[in-house]
Amino acid sequence: MSTVDHIDRPYGADLPDTVDPLEDVLALIGARAERAATLTGRGEWSLRFPPPAGAKFNAVLEGSCYLTSDVLEHPLTLRAGDTFLLTRPQEFTLSTVPHLPAQAASPLFRATRDDAAVTGPPTQPVTARLVGSSFTFGRQARTLLLDALPPVIHLPAHADGASMAPHVLTRIDHETRTRRPGANPVTEHLAVVLLIDMIRHHLSHHTGGTGWLHGLNDPVVATGLRAIHTDPAHHWTVRLLADTAHVSRSAFATRFKRTVGQGPLEYLTRWRLEMGAQRLATTEQTIAAIADSVGYGSEAAFSLAFKRELGKPPGAYRRKARQIRQA
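Residues numbered from 1 in each chain as written. Predicted model: local features only at pLDDT ≥ 70, side-chain atom pairs only at ≥ 80, totals over all residues. Heavy atoms only, no water.

Visitor: Account for the pairing of strand β6 (residues 83–86), naming residues and giving values.
Guide: Judged by which residues are buried, β6 turns out to be covered on both faces: Thr83 and Leu85 on one side and Phe84 and Leu86 on the other are all buried. By the bridge criterion, four bridges tie strand β4 (residues 55–69) to β6 in an arrangement that is antiparallel. By the bridge assignment for β6, alanine 59 is matched with threonine 83. (Buried < 20%, exposed > 50% of the residue type's maximum accessible area, 1.4 Å probe, protein only. Helix = DSSP H or I, 4+ residues; strand = E, 2+ residues; numbered from the N terminus. Pairing = 2+ DSSP bridges.)

Encoded structure:
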């Protein structure tokens, strides 16, 4: 970590109520779900979907189908209650038979009313019914979250931790079909619940990855991460962070670096600057006030670190963010 001026604050024996790092990151990147849409397939059908800009989920409400994508070695069988999440901008196909010639899905959805598309021979029985939505994020979502996840996460209906998924899907389906007042925000919030469930499922079944997200699987590293996110402006040292986890300084530093991929103070610096960037983009606070709020003792120290890590001074970053908002 580079030398910066920190605010020297007394460190108490206990932290305040700890902050969940995943919740913190989701709030920072502004995870939001778009309006949900349904797809009913009859007989044999195959639809090709364009790459999502952020991330996208689909869930099978009834019947079954296959998911095909270049990132999958084999087509993925999806049954009723299954959900999948795409975290990369990748084209994908949903079909009743793998490798069946596909038609473009976008024109089909553009031509529908109430986001309820139907495909396949109309006289044939329903072979699958799905509901889906895309997620949009603010800045740094790929760096802070999506790149830490695999290209496809599959949450089977029978998986551990998926017991609530059918209830969430049923409610999304009901809100999408009835379009009662307030349906859109309800489905958007429920879709974010599914997003969190799929991230949890991934973490519980993949313990060997690297990055802050995988650090939540390690009790020692997770304790340090929670301490940083609870009070990022504190004058943290590796020793103080190790003390929160009740391990030695060297053991904590080694486990943190091995699991997260960077040292604890490097992570602290980056998180402070990400918080500073978010406040520059969304508030009218002065740069000096923002610097103080994220743990820098002077505006100059914050500006130097900000330019080194994010490529431009805080003032220029704020002006660019305002231009984007006004465009």
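Visitor: An account of the packing of aromatic side chains is requested, with residue identities and associated values reported.
Guide: Following the criterion strictly, the structure yields nine aromatic pairs and no others. Each ring, one from tyrosine 296 and one from phenylalanine 302, has its centre 5.7 Å from the other, and the planes form 65°; the classification is edge-to-face. Residue classification places phenylalanine 302 among the buried positions, given a relative accessible area of 0%. One aromatic cluster in this structure is built from Phe49, Phe84, Phe92 and Phe109. (Phe/Tyr/Trp six-rings, centres within 6.5 Å; stacked < 30°, edge-to-face > 60°.)

Visitor: So what's going on with the side chain of serine 133? Which residues, and what values?
Guide: By the element assignment, serine 133 lies in strand β10 (residues 126–136). A residue is classified by how much of its surface remains accessible, and serine 133, at 3% relative accessible area, is buried. Ignoring sequence-local partners within four residues, the contact set of serine 133 consists of Ala33, Glu34, Arg35, Ala36, Lys56 and Phe57. (Contact = heavy atoms within 4.5 Å.)

Visitor: Describe the pattern of salt bridges, with residues and values.
Guide: Under the criterion given, the structure shown has 14 salt bridges. Across the pair glutamate 188 and arginine 32 runs a salt bridge, and its minimum N-O distance is 3.6 Å. Highlighted residues: glutamate 188 in helix α5 (residues 183–205) and arginine 32 in strand β1 (residues 32–33), separated in sequence by 156 residues. With relative accessibility at 17%, the residue glutamate 188 sits in the buried group. (Salt bridge = Lys/Arg side-chain N within 4 Å of Asp/Glu carboxyl O.)

Visitor: Go over the nonpolar core with me, naming the residues and quoting the values.
Guide: Judged by nonpolar contacts, the single largest core of 71 residues is most densely connected at Phe57, Phe135, Phe137, Leu145, Leu213 and Phe302. It is helix α10 (residues 264–282) that provides the largest number of residues to this core, a total of eight residues. In this structure, phenylalanine 302 is in contact with Leu273, Gly276, Ile287, Ile290, Ala291, Val294, Tyr296 and Pro314, ignoring residues within four places of it in sequence. Of all hydrophobic cores here, the second largest spans 19 residues; its members include Leu47, Leu78, Leu130 and Val152. (Core = buried A, V, L, I, M, F, W, Y, C linked by side-chain atoms within 4.5 Å.)

Visitor: Can you lay out the packing of helix α1 (residues 21–29) against helix α7 (residues 219–230) for me, pointing to particular residues and giving the numbers?
Guide: The geometry of α1 relative to α7 is characterised by a closest axis approach of 9 Å and an angle of 45° between their N-to-C directions. When the axes of α1 and α7 are compared, the pair comes out oblique. For the pair α1 and α7, the contacting residues are Pro21, Asp24 and Val25 in the first and Leu225, Arg226 and His229 in the second. Of the residues contributing to the contact of α1 with α7, the split by class is three nonpolar, one polar and two charged. (Axes fitted to C-alpha atoms, helices over the stretch in contact; angles between N-to-C directions. Parallel < 35°, antiparallel > 145°, perpendicular 65-115°, else oblique. Nonpolar A, V, L, I, M, F, W, Y, C, P; charged D, E, K, R; others polar.)

Visitor: Lay out the side chain of glutamate 175 with the relevant residues and their values.
Guide: Relative to the elements of secondary structure, glutamate 175 occurs in helix α4 (residues 165–178). Residue glutamate 175 is classed as buried on the basis of its relative accessible area, which comes to 4%. Apart from residues lying up to four places away in sequence, glutamate 175 is in contact with Ala183, Val186 and Thr187.

Visitor: Which residues make up the pairing of β10, and what values go with them?
Guide: Two strands pair when backbone bridges link them, and β1 and β10 are joined in this way by two bridges, in the antiparallel orientation. Bridge pairing in β10 places arginine 32 opposite threonine 136. By the bridge criterion, six bridges tie strand β2 (residues 37–42) to β10 in an arrangement that is antiparallel. For threonine 40, the partnering residue across the bridge sits in β10 and is arginine 129. Bridge analysis of β4 against β10 gives eight bridges, and the strand direction is antiparallel.

Geometry only, nothing functional implied.
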